[in-house]
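Survey of secondary and tertiary structure
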Amino acid sequence: MQELDELIITCPYCGEALDVLIDTSAGAQQYYEDCAVCCAPILFILSEDESGEMLVDVKRDDE
Ligand SMILES: [Zn+2]
C-alpha cells in the first residue's frame, strides 16, 4: 500500500515554500525532485527514527 504524506518544505535554492507529496511507505531513501519554482534539483533525504516516524530533510545538490 502506498502512503503519501503531504508536507511543506522550503526550497534550499530559492527559499520558496513548496507543497510536496512524500511516499513514506518506501522507507529510507534519497531522491531528487525539481523545484516547481526555480527548477533546481532538490535532494530529498528520507529517514526513519526509532519510533518509526519518517524524517524528511532537503538539501542542495552542491552542498
Ligand atoms: Zn526553488
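Preceding this paragraph is the structure being described.
To keep things clear, this report deals only with the structure shown in the data block. Here the structure is a predicted model, which is why all the values come from computation and not from measurement.

1. Here we look at the pairing of strand β1 (residues 4-10)
- Of all seven residues that make up β1, zero are buried, and the element is exposed over most of its length.
- The pairing of β1 with strand β2 (residues 17-23) spans seven bridges and is classified as antiparallel. When the bridges of β2 are listed, T10 appears paired with A17.

2. What to know about the pairing of strand β4 (residues 41-48)
- Sheet topology note: the strand β3 (residues 29-34)/β4 ladder contains six bridges and is antiparallel. Its bridge partner lying in β4, Y32 is registered against L43.
- Pairing geometry for β4 and strand β5 (residues 54-59), over six bridges, is antiparallel. By the bridge assignment, L46 is partnered in β5 with V56.

3. With respect to the environment of I42
- Tracing the chain through its elements places I42 in strand β4.
- C-beta crowding within 10 Å serves as the criterion here: with 23 such atoms nearby, I42 is assigned to the buried category.
- C-alpha separation for the pair I42 and Q30, spaced 12 residues apart in sequence, amounts to 10 Å.
- Those residues in contact with I42, other than ones at most four positions away along the chain, are C11, P12, Y32, E33, C35 and V58.

4. Considering the environment of V37
- Relative to the assigned elements, V37 resides in the loop between β3 and β4.
- Under the C-beta neighbour-count criterion, V37 is labelled partly exposed, with 13 such atoms within 10 Å.
- For the pair V37 and E16, spaced 21 residues apart in sequence, the C-alpha separation works out to 7.3 Å.
- The residues touching V37, leaving out its near neighbours within four places in the chain, are C11, C14 and E16.

5. A word on the sheet that holds β4
- Spatial strand order, β3-β4-β5: three strands in an open sheet with antiparallel pairing. Sheet topology places β3 and β5 at the edges, where each strand pairs with a single neighbour. When the angles between neighbouring strand axes are averaged without regard to direction, this sheet yields 25°.

What counts as what
- Residues numbered from 1 in each chain as written.
- Predicted model: local features only at pLDDT ≥ 70, side-chain atom pairs only at ≥ 80, totals over all residues.
- Buried ≥ 20, exposed ≤ 12 C-beta atoms within 10 Å, placed from the backbone.
- Helix = DSSP H or I, 4+ residues; strand = E, 2+ residues; numbered from the N terminus.
- Pairing = 2+ DSSP bridges.
- Contact = placed C-beta atoms within 7 Å.
- Axes fitted to C-alpha atoms, helices over the stretch in contact; angles between N-to-C directions.

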